[in-house]
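Okay, here's what each chain looks like letter by letter:
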Amino acid sequence: KISPERATKNVVGVKAIEEDITIQYDGLKKKNDTEIATEIVNSWRNNWQIPTDKINVKVEDGWVKLDGTVAWNYQKEASQHSINHLSGVKGVTNLITIRSESKDSIEERAVQNALERNWTIDAKNVKVEVNQNKVRLSGMVHSLYQKDEAERLAWNAPGVCSVENDLAVISTQ
């Protein structure tokens, strides 16, 4: 379900995706919520990126809800990515918040430099604004992949607690 969406984002000119894929478990035993929750906790034990003491998980009818507070976006993403491949999971609502432990101010130029170093993004069309620990991206890119990549790079700056991605995807065709 995730792979086709990811592949579609890489197509130049794609501005929106309607994902209407349903997973059917023909011939497979359906897992109950307790089994899914146990499998999630077990997968997190083997992943150093996930601070298990800071994240709560709730499973209801195969839908997983995550909440808690972590210091880095990669921890939030790792929590969800470790669940995506588990059978029986119908979807994930990720309500984990980022609260940076860094008190340093974010350097606008550092984020802009990271965008310029990435060959997939035309950085001259991306404007970076920083307000305390929040980054706002605006301007234009040519694909959803570039939009997502710019956001990923902004998240990598130390101290970032939120990224507002207002990049517009424009077609060059």
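Residues numbered from 1 in each chain as written. Predicted model: local features only at pLDDT ≥ 70, side-chain atom pairs only at ≥ 80, totals over all residues. Heavy atoms only, no water.

Caption draft 1: Inspection of the packing of aromatic side chains at higher detail. By the definition in use, this model includes 2 aromatic pairs. Between the aromatic rings of Trp 48 and Tyr 74, the centroid separation amounts to 6.4 Å while the plane-to-plane angle is 50°, which identifies the pairing as tilted. On the criterion of sequence distance, the pair formed by Trp 48 in the loop between helix H2 (33–45) and strand S1 (55–60) and Tyr 74 in helix H3 (residues 73–84) is long-range, its members being 26 residues apart. We classify Tyr 74 as partly exposed; its relative accessible area is 34%. On the numbers, 6.2 Å between centres and 35° between planes, the contact of Trp 72 with Tyr 74 is tilted. (Phe/Tyr/Trp six-rings, centres within 6.5 Å; stacked < 30°, edge-to-face > 60°. Helix = DSSP H or I, 4+ residues; strand = E, 2+ residues; numbered from the N terminus. Buried < 20%, exposed > 50% of the residue type's maximum accessible area, 1.4 Å probe, protein only.)

Caption draft 2: Broad picture of H2. Taking 1.5 Å per residue, 13 residues should reach 18 Å; H2 reaches 19 Å between its end C-alpha atoms and fits that length. Within the span of H2, buried status applies to Ile 36, Ile 40, Ser 43 and Trp 44. Projected down its long axis, H2 carries its buried residues within an arc of 100°, all on one side. Among the exposed residues of H2, those pointing more than 90 degrees away from its buried face are Thr 34 and Arg 45. Structurally, H2 contributes buried residues whose contacts are with S1, strand S2 (63–70) and H3. Its side-chain oxygen at 3.0 Å from the backbone nitrogen of Thr 34, Asn 32 defines the N-terminal cap of H2. (Expected span 1.5 Å × (residues − 1). Arc of directions from axis to C-beta. Contact = heavy atoms within 4.5 Å. Polar contact = N/O pair within 3.5 Å; in protein donor to acceptor, adjacent residues only side chain to side chain.)

Caption draft 3: Quick look at the packing of H2 against H3. Two numbers describe how H2 lies on H3: the axes approach to 10 Å, and their chain directions differ by 125°. Considering the angle they form, H2 stands oblique to H3. Here H2 and H3 pass one another in a crossing that is right-handed. Each of Ile 40, Ser 43 and Trp 44 in H2 lies in contact with H3, whose residues at this interface are Ser 79, Ser 82 and Ile 83. Classifying every residue of the contact of H2 with H3 gives 3 nonpolar, 3 polar and no charged. (Axes fitted to C-alpha atoms, helices over the stretch in contact; angles between N-to-C directions. Parallel < 35°, antiparallel > 145°, perpendicular 65-115°, else oblique. Left-handed = near helix turned anticlockwise from the far one by under 90°. Nonpolar A, V, L, I, M, F, W, Y, C, P; charged D, E, K, R; others polar.)

Caption draft 4: Structural detail: the sheet that holds strand S5 (residues 126–131). Pairing is mixed across the open sheet formed by 3 strands, whose spatial order is S5-S6-S7. Of all the strands in the sheet, just S5 and strand S7 (162–169) have a single pairing partner and so form its edges. Neighbour-to-neighbour, the strand axes of the sheet open up by a mean angle of 10°, direction not taken into account. Across the face of the sheet, helix H4 (residues 108–117) comes into contact with S5 and strand S6 (134–141) while running at roughly 150° to S5. Those strands touched by helix H5 (residues 144–155) are S6 and S7, and its axis lies near 155° from that of S7. (Pairing = 2+ DSSP bridges.)

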